[in-house]
Amino acid sequence: MNIMAIVRRIQRVVKRALHRDFVAFEGVVLPPESLRFCGTAFRDNNTFLRSSEAECKRLKDEMGLSSTSSVLEIGCGPARLPIGILKDFGPIQRYYGVDISKGAIRWCNAHIKRKHPEYEFLHLDLKHDRYNPNGIDFTQGFQLPLEPASFDIIYLHSVFANMLADDIRAYAREFARLLRPGGKIFLTAFVEDGVPDMTVNPDDYILVPQGTLHFVRYERAYFFRMFEESGLKIDRYLQSEDLGGQSAVHLSLAD
Ligand SMILES: C[S@@+](CC[C@H](N)C(=O)[O-])C[C@H]1O[C@@H](n2cnc3c(N)ncnc32)[C@H](O)[C@@H]1O
(Lines give C-alpha, C1' and ligand atoms only; values in the text may rest on other atoms or scores of the structure.)
Protein backbone atom coordinates (compact mmCIF):
# COMPACT_ATOMS: atom_id res chain seq x y z
CA MET A 1 0.00 0.00 0.00
CA ASN A 2 1.50 3.41 -0.91
CA ILE A 3 1.89 6.19 1.60
CA MET A 4 -1.11 8.18 0.29
CA ALA A 5 -3.41 5.15 0.63
CA ILE A 6 -2.23 4.69 4.22
CA VAL A 7 -2.85 8.37 5.01
CA ARG A 8 -6.37 8.16 3.51
CA ARG A 9 -7.12 5.05 5.54
CA ILE A 10 -5.97 6.72 8.77
CA GLN A 11 -8.10 9.76 7.89
CA ARG A 12 -11.16 7.52 7.43
CA VAL A 13 -10.61 5.77 10.77
CA VAL A 14 -10.14 9.08 12.64
CA LYS A 15 -13.23 10.59 10.96
CA ARG A 16 -15.36 7.57 11.93
CA ALA A 17 -14.07 7.70 15.51
CA LEU A 18 -14.82 11.44 15.80
CA HIS A 19 -18.38 11.02 14.52
CA ARG A 20 -19.14 7.88 16.49
CA ASP A 21 -22.45 8.31 18.26
CA PHE A 22 -22.21 5.25 20.47
CA VAL A 23 -20.03 3.64 23.11
CA ALA A 24 -19.13 -0.04 22.92
CA PHE A 25 -18.96 -1.47 26.45
CA GLU A 26 -18.81 -5.15 27.41
CA GLY A 27 -19.91 -6.02 23.89
CA VAL A 28 -23.05 -3.84 24.15
CA VAL A 29 -23.79 -0.62 22.24
CA LEU A 30 -24.60 2.22 24.65
CA PRO A 31 -25.71 5.80 23.89
CA PRO A 32 -23.17 8.64 24.03
CA GLU A 33 -22.95 10.61 27.29
CA SER A 34 -24.67 13.60 25.68
CA LEU A 35 -27.94 11.60 25.42
CA ARG A 36 -27.96 10.17 28.94
CA PHE A 37 -30.51 12.38 30.67
CA CYS A 38 -30.82 10.40 33.87
CA GLY A 39 -28.20 12.23 35.94
CA THR A 40 -24.43 12.47 35.96
CA ALA A 41 -23.93 9.02 37.55
CA PHE A 42 -25.14 7.45 34.29
CA ARG A 43 -22.21 8.90 32.35
CA ASP A 44 -20.30 5.96 33.76
CA ASN A 45 -20.74 3.04 31.33
CA ASN A 46 -20.76 0.43 34.06
CA THR A 47 -23.47 2.30 36.01
CA PHE A 48 -25.55 2.74 32.85
CA LEU A 49 -25.37 -0.90 31.79
CA ARG A 50 -25.95 -2.29 35.30
CA SER A 51 -29.03 -0.04 35.58
CA SER A 52 -30.30 -1.36 32.22
CA GLU A 53 -29.98 -4.89 33.56
CA ALA A 54 -31.69 -3.94 36.83
CA GLU A 55 -34.68 -2.42 34.99
CA CYS A 56 -35.01 -5.57 32.86
CA LYS A 57 -34.96 -7.64 36.07
CA ARG A 58 -37.68 -5.40 37.51
CA LEU A 59 -39.90 -6.11 34.50
CA LYS A 60 -39.27 -9.86 34.82
CA ASP A 61 -39.70 -10.11 38.60
CA GLU A 62 -42.35 -7.47 39.28
CA MET A 63 -44.31 -7.08 36.05
CA GLY A 64 -44.40 -10.55 34.52
CA LEU A 65 -42.32 -9.81 31.42
CA SER A 66 -42.52 -12.78 29.05
CA SER A 67 -41.68 -13.52 25.43
CA THR A 68 -45.31 -12.68 24.53
CA SER A 69 -45.34 -9.31 26.32
CA SER A 70 -46.09 -6.02 24.59
CA VAL A 71 -44.31 -3.18 26.40
CA LEU A 72 -45.01 0.56 26.10
CA GLU A 73 -42.39 2.93 27.50
CA ILE A 74 -43.09 6.63 27.87
CA GLY A 75 -39.96 8.81 27.97
CA CYS A 76 -37.71 5.99 26.78
CA GLY A 77 -34.71 8.33 26.38
CA PRO A 78 -31.80 6.56 24.67
CA ALA A 79 -33.12 3.03 25.27
CA ARG A 80 -31.84 2.21 28.77
CA LEU A 81 -34.62 -0.37 29.24
CA PRO A 82 -34.46 -1.95 25.73
CA ILE A 83 -30.69 -2.36 26.11
CA GLY A 84 -31.27 -4.40 29.28
CA ILE A 85 -34.09 -6.50 27.76
CA LEU A 86 -32.08 -7.29 24.64
CA LYS A 87 -29.01 -8.19 26.68
CA ASP A 88 -30.56 -10.27 29.48
CA PHE A 89 -33.99 -11.42 28.36
CA GLY A 90 -34.21 -11.98 24.62
CA PRO A 91 -37.08 -11.50 22.18
CA ILE A 92 -40.43 -10.10 23.29
CA GLN A 93 -43.60 -9.63 21.25
CA ARG A 94 -43.44 -5.88 20.95
CA TYR A 95 -41.74 -2.84 22.43
CA TYR A 96 -42.94 0.71 21.70
CA GLY A 97 -40.99 3.67 23.09
CA VAL A 98 -41.97 7.33 22.87
CA ASP A 99 -40.01 10.42 23.80
CA ILE A 100 -40.08 14.15 23.16
CA SER A 101 -36.31 14.21 22.57
CA LYS A 102 -35.62 13.99 18.84
CA GLY A 103 -31.98 13.08 19.47
CA ALA A 104 -32.88 10.17 21.74
CA ILE A 105 -35.42 8.75 19.26
CA ARG A 106 -33.00 9.18 16.37
CA TRP A 107 -30.41 7.22 18.35
CA CYS A 108 -32.90 4.47 19.27
CA ASN A 109 -33.93 4.05 15.62
CA ALA A 110 -30.32 3.93 14.42
CA HIS A 111 -29.01 1.55 17.06
CA ILE A 112 -31.96 -0.53 18.29
CA LYS A 113 -34.72 -0.62 15.66
CA ARG A 114 -32.31 -1.16 12.76
CA LYS A 115 -31.28 -4.52 14.24
CA HIS A 116 -34.52 -5.33 16.10
CA PRO A 117 -37.56 -4.27 14.04
CA GLU A 118 -39.99 -5.36 16.78
CA TYR A 119 -38.67 -2.34 18.72
CA GLU A 120 -40.48 0.80 17.53
CA PHE A 121 -39.78 4.38 18.57
CA LEU A 122 -41.88 7.50 18.13
CA HIS A 123 -40.86 11.12 18.54
CA LEU A 124 -43.60 13.27 20.09
CA ASP A 125 -43.18 16.98 19.60
CA LEU A 126 -44.84 17.86 22.92
CA LYS A 127 -43.91 20.98 24.86
CA HIS A 128 -41.79 20.50 27.97
CA ASP A 129 -39.94 23.49 29.42
CA ARG A 130 -36.94 21.35 30.35
CA TYR A 131 -36.62 18.94 27.42
CA ASN A 132 -38.54 20.41 24.47
CA PRO A 133 -39.53 24.05 25.11
CA ASN A 134 -40.62 24.71 21.50
CA GLY A 135 -42.94 21.70 21.28
CA ILE A 136 -46.73 21.74 20.98
CA ASP A 137 -48.93 22.04 24.09
CA PHE A 138 -50.70 18.91 25.32
CA THR A 139 -54.37 19.09 24.44
CA GLN A 140 -57.43 17.63 26.17
CA GLY A 141 -57.78 15.03 23.43
CA PHE A 142 -54.13 13.87 23.50
CA GLN A 143 -53.82 10.30 22.19
CA LEU A 144 -50.90 8.18 21.09
CA PRO A 145 -51.36 6.52 17.66
CA LEU A 146 -51.94 3.12 19.28
CA GLU A 147 -54.86 0.68 19.47
CA PRO A 148 -56.85 0.45 22.73
CA ALA A 149 -55.93 -2.39 25.11
CA SER A 150 -52.73 -3.24 23.25
CA PHE A 151 -50.07 -3.36 26.02
CA ASP A 152 -49.36 -5.74 28.92
CA ILE A 153 -46.79 -3.45 30.51
CA ILE A 154 -46.55 0.34 30.62
CA TYR A 155 -43.31 1.65 32.09
CA LEU A 156 -41.96 5.11 32.90
CA HIS A 157 -38.76 5.78 34.76
CA SER A 158 -37.89 9.33 35.88
CA VAL A 159 -40.45 10.91 33.55
CA PHE A 160 -43.21 12.13 35.90
CA ALA A 161 -40.35 13.34 38.13
CA ASN A 162 -40.19 16.42 35.87
CA MET A 163 -43.80 16.66 34.71
CA LEU A 164 -46.66 19.03 35.60
CA ALA A 165 -50.05 17.71 36.75
CA ASP A 166 -52.10 18.39 33.58
CA ASP A 167 -49.60 16.47 31.46
CA ILE A 168 -49.63 13.55 33.91
CA ARG A 169 -53.45 13.49 33.76
CA ALA A 170 -53.31 13.33 29.94
CA TYR A 171 -50.99 10.32 30.17
CA ALA A 172 -53.11 8.66 32.90
CA ARG A 173 -56.10 8.72 30.51
CA GLU A 174 -53.94 7.10 27.84
CA PHE A 175 -52.73 4.39 30.22
CA ALA A 176 -56.32 3.42 30.99
CA ARG A 177 -57.08 3.26 27.27
CA LEU A 178 -53.96 1.34 26.22
CA LEU A 179 -53.50 -1.19 29.03
CA ARG A 180 -54.90 -4.71 28.55
CA PRO A 181 -57.01 -6.20 31.35
CA GLY A 182 -54.50 -7.82 33.72
CA GLY A 183 -51.74 -5.47 32.49
CA LYS A 184 -49.37 -3.60 34.80
CA ILE A 185 -47.97 -0.10 35.01
CA PHE A 186 -44.76 0.95 36.75
CA LEU A 187 -43.68 4.54 37.23
CA THR A 188 -41.41 6.65 39.40
CA ALA A 189 -42.03 10.17 40.71
CA PHE A 190 -41.27 12.48 43.61
CA VAL A 191 -44.17 11.70 45.94
CA GLU A 192 -44.28 12.62 49.64
CA ASP A 193 -46.72 12.96 52.52
CA GLY A 194 -47.46 16.25 54.27
CA VAL A 195 -46.41 18.56 51.41
CA PRO A 196 -48.42 20.87 49.10
CA ASP A 197 -50.25 19.17 46.19
CA MET A 198 -47.59 20.07 43.62
CA THR A 199 -44.31 21.97 44.05
CA VAL A 200 -41.85 22.75 41.27
CA ASN A 201 -38.21 22.73 42.38
CA PRO A 202 -38.96 22.72 46.14
CA ASP A 203 -36.51 24.44 48.52
CA ASP A 204 -34.30 22.21 50.67
CA TYR A 205 -35.22 19.10 48.72
CA ILE A 206 -32.90 16.36 47.46
CA LEU A 207 -30.43 18.60 45.60
CA VAL A 208 -30.19 22.23 44.56
CA PRO A 209 -32.31 22.19 41.35
CA GLN A 210 -30.38 22.45 38.11
CA GLY A 211 -32.69 24.35 35.78
CA THR A 212 -36.41 24.40 35.20
CA LEU A 213 -38.62 21.41 36.17
CA HIS A 214 -35.72 19.51 37.71
CA PHE A 215 -37.97 18.27 40.50
CA VAL A 216 -41.77 18.25 40.46
CA ARG A 217 -42.86 16.96 43.84
CA TYR A 218 -46.40 15.74 44.59
CA GLU A 219 -48.45 15.08 47.70
CA ARG A 220 -49.30 11.38 47.80
CA ALA A 221 -53.14 11.48 47.82
CA TYR A 222 -53.20 14.22 45.16
CA PHE A 223 -50.82 12.21 42.96
CA PHE A 224 -52.81 8.98 43.32
CA ARG A 225 -56.08 10.78 42.52
CA MET A 226 -54.80 11.77 39.07
CA PHE A 227 -54.73 8.06 38.16
CA GLU A 228 -57.83 6.98 40.07
CA GLU A 229 -59.86 9.61 38.17
CA SER A 230 -58.89 7.81 34.94
CA GLY A 231 -59.96 4.35 36.09
CA LEU A 232 -56.62 3.07 37.41
CA LYS A 233 -55.80 1.74 40.87
CA ILE A 234 -52.63 1.85 42.94
CA ASP A 235 -51.37 -1.67 43.68
CA ARG A 236 -48.12 -0.87 45.43
CA TYR A 237 -46.24 2.21 46.59
CA LEU A 238 -42.65 2.29 47.76
CA GLN A 239 -41.79 5.69 49.15
CA SER A 240 -38.40 7.21 48.27
CA GLU A 241 -37.10 3.89 46.98
CA ASP A 242 -33.56 3.77 45.69
CA LEU A 243 -34.34 5.96 42.67
CA GLY A 244 -32.53 9.19 43.50
CA GLY A 245 -35.23 9.93 46.08
CA GLN A 246 -38.16 9.05 43.79
CA SER A 247 -40.95 6.75 44.86
CA ALA A 248 -41.99 3.68 42.88
CA VAL A 249 -45.68 3.22 42.03
CA HIS A 250 -47.33 0.09 40.59
CA LEU A 251 -50.78 0.45 39.04
CA SER A 252 -53.36 -1.51 37.07
CA LEU A 253 -56.90 -1.07 35.74
CA ALA A 254 -59.49 -0.59 38.47
CA ASP A 255 -61.98 -3.49 38.74
C1 LIG B 1 -34.72 11.77 33.11
S2 LIG B 1 -35.01 11.19 31.49
C3 LIG B 1 -35.31 9.46 31.74
C4 LIG B 1 -35.05 8.64 30.50
C5 LIG B 1 -35.36 7.13 30.65
N6 LIG B 1 -36.72 6.91 31.10
C7 LIG B 1 -34.40 6.47 31.61
O8 LIG B 1 -34.82 6.15 32.73
O9 LIG B 1 -33.24 6.30 31.25
C10 LIG B 1 -36.67 11.80 31.18
C11 LIG B 1 -37.10 11.50 29.75
O12 LIG B 1 -38.49 11.80 29.63
C13 LIG B 1 -38.70 12.43 28.39
N14 LIG B 1 -39.97 13.16 28.46
C15 LIG B 1 -40.25 14.28 29.18
N16 LIG B 1 -41.52 14.66 29.01
C17 LIG B 1 -42.08 13.75 28.16
C18 LIG B 1 -43.38 13.61 27.60
N19 LIG B 1 -44.36 14.48 27.83
N20 LIG B 1 -43.61 12.55 26.80
C21 LIG B 1 -42.62 11.65 26.52
N22 LIG B 1 -41.37 11.76 27.02
C23 LIG B 1 -41.10 12.79 27.82
C24 LIG B 1 -37.45 13.28 28.21
O25 LIG B 1 -37.24 13.68 26.88
C26 LIG B 1 -36.37 12.34 28.71
O27 LIG B 1 -35.89 11.48 27.71
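Residues numbered from 1 in each chain as written. Predicted model: local features only at pLDDT ≥ 70, side-chain atom pairs only at ≥ 80, totals over all residues. Heavy atoms only, no water.

Visitor: Explanation requested: unusual backbone geometry in the structure shown.
Guide: Of note, the phi angle at Asp-204 is positive, near 50 degrees, even though the residue is not glycine. Here Asp-204 falls in the exposed class, since its relative accessible area comes to 82%. Backbone geometry places Leu-213, a non-glycine residue, at a positive phi of 50 degrees. Taking the relative accessible area as the measure of exposure, Leu-213 reaches 7% and is therefore buried. (Buried < 20%, exposed > 50% of the residue type's maximum accessible area, 1.4 Å probe, protein only.)

Visitor: So what exactly am I meant to see when it comes to the nonpolar core here?
Guide: Note on soluble globular proteins: their nonpolar side chains tend to be buried together. Counting 41 residues, the largest nonpolar core has Phe-160, Tyr-171, Phe-175, Leu-187, Phe-223 and Phe-227 as its most contacted members. In terms of residue count, helix H5 (residues 165–178) provides more of this core than any other element does, seven residues in total. In this structure, Leu-187 is in contact with Leu-156, Phe-160, Phe-223, Phe-227, Ser-247, Ala-248, Val-249 and Leu-251, ignoring residues within four places of it in sequence. Within the second largest apolar cluster, 29 residues are counted, among which are Val-28, Met-63, Ile-85 and Phe-186. (Core = buried A, V, L, I, M, F, W, Y, C linked by side-chain atoms within 4.5 Å. Helix = DSSP H or I, 4+ residues; strand = E, 2+ residues; numbered from the N terminus. Contact = heavy atoms within 4.5 Å.)

Visitor: I would appreciate a short explanation of the site of the ligand in the present structure.
Guide: Close to the ligand lie 19 residues; Gly-75, Arg-80, Asp-99, His-157 and Tyr-171 are nearest. Here a nitrogen atom of the ligand sits 2.7 Å away from a polar atom, N or O, in the main chain of Gly-75. Here Arg-80 contributes a side-chain N or O atom positioned 2.8 Å from an oxygen atom of the ligand. If the ligand stood free it would expose 590 Å²; the protein chains cover 98% of that surface. Of the residues in the shell around the ligand, the class split is 10 nonpolar, six polar and three charged. (Near = heavy atom within 4 Å. Polar contact = N/O pair within 3.5 Å; in protein donor to acceptor, adjacent residues only side chain to side chain. Areas by Shrake-Rupley, 256 points an atom, 1.4 Å probe, with all protein chains shown as cover. Nonpolar A, V, L, I, M, F, W, Y, C, P; charged D, E, K, R; others polar.)

Visitor: So what exactly am I meant to see when it comes to the side chain of Asp-167 here?
Guide: Of note, Asp-167 is situated in helix H5. As a buried residue without a salt bridge, Asp-167 has its nearest oppositely charged side chain in Arg-173, at a separation of 8.3 Å. When near neighbours in sequence (up to four residues on either side) are disregarded, Asp-167 contacts Lys-127 and Phe-138. (Lys, Arg positive; Asp, Glu negative; His and termini not counted. Salt bridge = Lys/Arg side-chain N within 4 Å of Asp/Glu carboxyl O.)

Visitor: Please clarify how the environment of Tyr-131 should be interpreted in this entry.
Guide: Position of Tyr-131 among the secondary structure elements: in the loop between strand E5 (119–123) and strand E6 (151–156). C-alpha separation for the pair Tyr-131 and Ala-254, spaced 123 residues apart in sequence, amounts to 32 Å.

Visitor: Help me understand the environment of Ala-176, please; the structure alone is not making it clear to me.
Guide: Inspection of the secondary structure puts Ala-176 in helix H5. Among the residues examined, Ala-176 registers a relative accessible area of 23% and is labelled partly exposed. Distance in space between the C-alpha atoms of Ala-176 and Arg-20 is 40 Å, their sequence separation being 156 residues. Leaving out residues up to four positions away in the same chain, Ala-176 has contacts with Ser-230, Leu-232 and Leu-253.

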